[in-house]
Amino acid sequence: MAYQFKFEKVLNIKEQEKEEAQVYYKDSISKFELVAEKLYDLLKKKENLETFQTNKLISGFHIHEIRHYQQFISNIEKTIEYYQELVIQARNRMNWYEQKLSEMSVEVKKYEKMKEKDFLQFKDSLRISEEKFLDELTVMQFMNRGN
């Protein structure tokens, strides 16, 4: 008699959902890292530009160059604000997928525990029926000896 878990299909579906959640979570991590790297690059670019501008102010340069660099820094700051929002959204999305993955993992664990307990019960019932069969066989042999 082969063992068959009554919720095997449900367990398989839950495992597939968990794997899907893992894929989405990993994807959200990579998107978060990508946006965060872009933000870091922009912040570094702004810092380098401000350092360059400060050094140029010390050595002296034309007013139109100062305006040009100020406009450029202003544009970078707007882009930084945009990417800060993207980072916040990506972090929230990543946290949401992490929570979903955690929930799916708990669900799968529940069904795996149920399967484990069910299998132990199956083994116990199999052992009991084997013992009964052996008892009956022993009784039959004893009865046949008497005849």
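Residues numbered from 1 in each chain as written. Predicted model: local features only at pLDDT ≥ 70, side-chain atom pairs only at ≥ 80, totals over all residues. Heavy atoms only, no water.

Some points on the overall build of the protein
Line of reasoning, step 1. Across its full length, the protein holds 2 helices and 0 strands.
Line of reasoning, step 2. Whereas a compact globule of 147 residues would reach a radius of gyration of roughly 15 Å, the protein reaches 34 Å, over 25% beyond that.
Line of reasoning, step 3. Across the 147 residues that make up the protein, the buried fraction comes to 18%.
Line of reasoning, step 4. As displayed, the protein offers around 11,800 Å² of accessible surface, 55% of which is attributable to carbon and sulfur atoms.
Line of reasoning, step 5. In the protein, the 25 positive side-chain charges and the 26 negative ones have mean positions that sit 2 Å from each other. (Helix = DSSP H or I, 4+ residues; strand = E, 2+ residues; numbered from the N terminus. Rg over C-alpha atoms; globule rule 2.2 N^0.38 Å. Buried < 20%, exposed > 50% of the residue type's maximum accessible area, 1.4 Å probe, protein only. Areas by Shrake-Rupley, 256 points an atom, 1.4 Å probe, with all protein chains shown as cover. Lys, Arg positive; Asp, Glu negative; His and termini not counted. Charge placed at Lys NZ, Arg CZ, Asp CG, Glu CD.)

Quick look at the packing of aromatic side chains
Line of reasoning, step 1. All chains considered together, the criterion is met by 9 aromatic pairs.
Line of reasoning, step 2. Centroid distance phenylalanine 7 to tyrosine 111: 6.3 Å. Interplanar angle 70°. Geometry classified as edge-to-face. Taken together, the residues span a long stretch of sequence, with phenylalanine 7 in the segment before α1 (8–59) and tyrosine 111 in helix α2 (residues 63–146) at a distance of 104 residues.
Line of reasoning, step 3. With a relative accessible area of 31%, phenylalanine 7 lands in the partly exposed category. (Phe/Tyr/Trp six-rings, centres within 6.5 Å; stacked < 30°, edge-to-face > 60°.)

Describing the side chain of lysine 46
Line of reasoning, step 1. Assignment of secondary structure puts lysine 46 in helix α1.
Line of reasoning, step 2. A polar contact is formed between the side chain of lysine 46 and the side chain of glutamate 77, at a distance of 3.1 Å. (Polar contact = N/O pair within 3.5 Å; in protein donor to acceptor, adjacent residues only side chain to side chain.)

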